[in-house]
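# Residue-level structure breakdown
Listed below are the residues making up each chain.
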Amino acid sequence: EEMALPQRILFPPEEICMDWQQRQRPGAGLCNLGSTCYINVILQCLTYTPPLANYLLSRDHSQLCHRQGFCMMCIMEAHVRRVLHSSASTIWPRAVVRDLKFIGEEFEPDMAGDAYEFLRCALEAMQRACLSGSSEVDISSQTTTIIHQIFGGFLKSRVTCLRCQAVSDSYKAFLHVLLDIKAPSSLTTALEDFVTSKKLDGKYCLKCSKCEKKVTASKRVTVHHVPKVFTVCLERAADDTGKKISKIVEYPEYLDLRPYMSDPAGEPLLYSLYALVVHSGDTCLDGHFFCYTKASNGLWYKMDDESVDNCGIHTVLRQQAYLLFYAR
C-alpha cells in the first residue's frame, strides 16, 4: 500500500528556515524549580533547534491563535523569546511548570521525571496546538503541521512471508526514534540494528493474506522519509526496575542517514549534531539531567539548569548521551 497523500498542507515546508536568522551569544539559563532538570534540558534543546526557534521568534503562531486557555505553542513562543532576548542570566520557566499537567498527566512539578518522556509529551502538545483550529483533518494532513515538517519523518515496515514470499508494506509517521543500545557501542551500529530484518515466529507469527494462515515471516523497518531534525533516544533503561545501561555509546558530529533508508542508493543525507541530553546517575529513577547545545553563534555550551558554560566539540562528543538532536 502506498502512503496516502494529505488533502491539505497545514504548513508549507518551503517556509521552514534551517539556519539561524539572527546570530547572538546564548540566552539565559533556567532555574530548577525543585526537580525540574528534566524539563529544563528539553526546553533548552528545543530553544536551540534553529527552524523551531526561527518560527517561534516570528510570532506567526500567537498572532493567529484563538485557543482559550492552555496552548503549548504560545507557551513555547513566549519562553523562547524570553530565553534568547532577555538580558537576565537566568529565567524561571514558570508557565511550563504551571501547566505541566496539560503537557502530560504523569508529570508533577515537585517530582522527578524523564527527559525523553517530557520531550515526547511536549512535541505532542505542540502538535495538538497546531491542529486546534483545523477540525476533521485527515491523518495524512495532520503530518503537515510545522512540528511534523520539522521533526517528522516516516518509517516503512516491510513484512515478508517466508512461505510464499508475499510482501506487505505499511508506513508510520515518527517525531523521534528510540534505539536499543544493549549490544551496540555506537549510534551507527544501533541504527544498523534498527534497520536489520527481524524474524517473526512462534507467538509473533503473522497471518499471511495469501497463505491465509499464520506463518513465519521477516519484518524490516527502514526510514522512508527523513525529517529535517532527527531526534534519537538511546534507551538506557535495562529493564523495568530502573537499572541503567551506563556505557558510552559513540556518536558522530556529522551523521549520514542514507544507509538506513528504504532506498539506500543516492546522495548522502547529512545531518549535524546541535544538541544532546545527558543523564548522570546510577539508575534511571534518580540522578540529574544536563545538556549541551550549539548556540546561534556556532559555539557549544554546557547548560546545567542556571549555568551556561562555553565548551568544545571534543567535550560534547565524549558524553554518556541519552538524547541526540541532529539537523539536516
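So, here's what we can say about the structure. (Residues numbered from 1 in each chain as written. Predicted model: local features only at pLDDT ≥ 70, side-chain atom pairs only at ≥ 80, totals over all residues. Heavy atoms only, no water.)

To continue, consider the state of the cysteines. The full count for this structure, using the stated rule, is 0 disulfides. Counting only cysteine sulfurs, Cys 74 is the nearest neighbor of Cys 65, a cysteine outside any disulfide, at a range of 3.7 Å. Its sulfur unpaired, Cys 211 is 3.7 Å from the next cysteine sulfur, which belongs to Cys 164. Taking the relative accessible area as the measure of exposure, Cys 211 reaches 18% and is therefore buried. (Disulfide = S-S within 2.5 Å. Buried < 20%, exposed > 50% of the residue type's maximum accessible area, 1.4 Å probe, protein only.)

Quick look at the pattern of salt bridges now. The final tally for this structure, using the stated rule, is 5 salt bridges. Where Arg 120 meets Glu 117, a salt bridge forms, and the shortest distance between an N and an O atom there is 2.7 Å. Placement of the pair is Arg 120 and Glu 117 together in helix H7 (residues 115-131), with a separation of 3 residues, close to one helical turn. The partly exposed category is assigned to Arg 120, whose relative accessible area is 22%. (Salt bridge = Lys/Arg side-chain N within 4 Å of Asp/Glu carboxyl O. Helix = DSSP H or I, 4+ residues; strand = E, 2+ residues; numbered from the N terminus.)

Turning our eyes to something else, we now look at the pairing of strand S4 (residues 167-174). Both strand S3 (residues 153-161) and S4 contribute to a ladder of 8 bridges, which runs antiparallel. Bridge pairing links Leu 155 to Lys 172 in S4. In sequence, S3 turns back onto S4 through a hairpin of 5 residues, with Gln 165 there showing a positive phi of about 70°. (Pairing = 2+ DSSP bridges.)

What follows is about helix H2 (residues 50-57). Because an α-helix packs 3.6 residues into every turn, residues spaced three or four apart end up facing the same way. Counted residue by residue, H2 has 8 buried out of 8 residues, so it is predominantly covered. Taken as a whole, H2 has its buried residues at Pro 50, Pro 51, Leu 52, Ala 53, Asn 54, Tyr 55, Leu 56 and Leu 57.

Turning our eyes to something else, we now look at the sheet that holds S3. Strand order in this open sheet of 4 strands is S4-S3-S9-S6, and the pairing throughout is antiparallel. The open sheet terminates on both sides in strands that have one partner only, identified here as S4 and strand S6 (198-200). The average undirected angle you get between the axes of adjacent strands in this sheet is 30°. (Axes fitted to C-alpha atoms, helices over the stretch in contact; angles between N-to-C directions.)

Mapped onto the fold, Leu 119 is located in helix H7. The buried category is assigned to Leu 119, whose relative accessible area is 0%. Excluding residues within four positions of it along the chain, Leu 119 makes contact with Ile 42, Leu 46, Thr 231, Leu 323 and Phe 325. (Contact = heavy atoms within 4.5 Å.)

Before going further, it helps to examine the side chain of Ser 157. Here Ser 157 shows up in strand S3. Taking the relative accessible area as the measure of exposure, Ser 157 reaches 13% and is therefore buried. Apart from residues lying up to four places away in sequence, Ser 157 is in contact with Ser 168, Asp 169, Ser 170, Lys 219, Arg 220 and Val 221.

Attention now goes to the pairing of strand S12 (residues 270-280). For S12, a buried count of 8 out of 11 residues is recorded, marking the element as mostly surrounded by other parts of the structure. Of the strand pairs in this sheet, S12 and strand S16 (residues 321-327) are connected by 6 bridges, and their pairing is antiparallel. Looking at the pairing, Leu 273 lines up with Tyr 326 of S16. Here S12 pairs with strand S13 (residues 288-294) via 6 bridges, running antiparallel. The partner of Leu 276 across the bridge, within S13, is Tyr 292.

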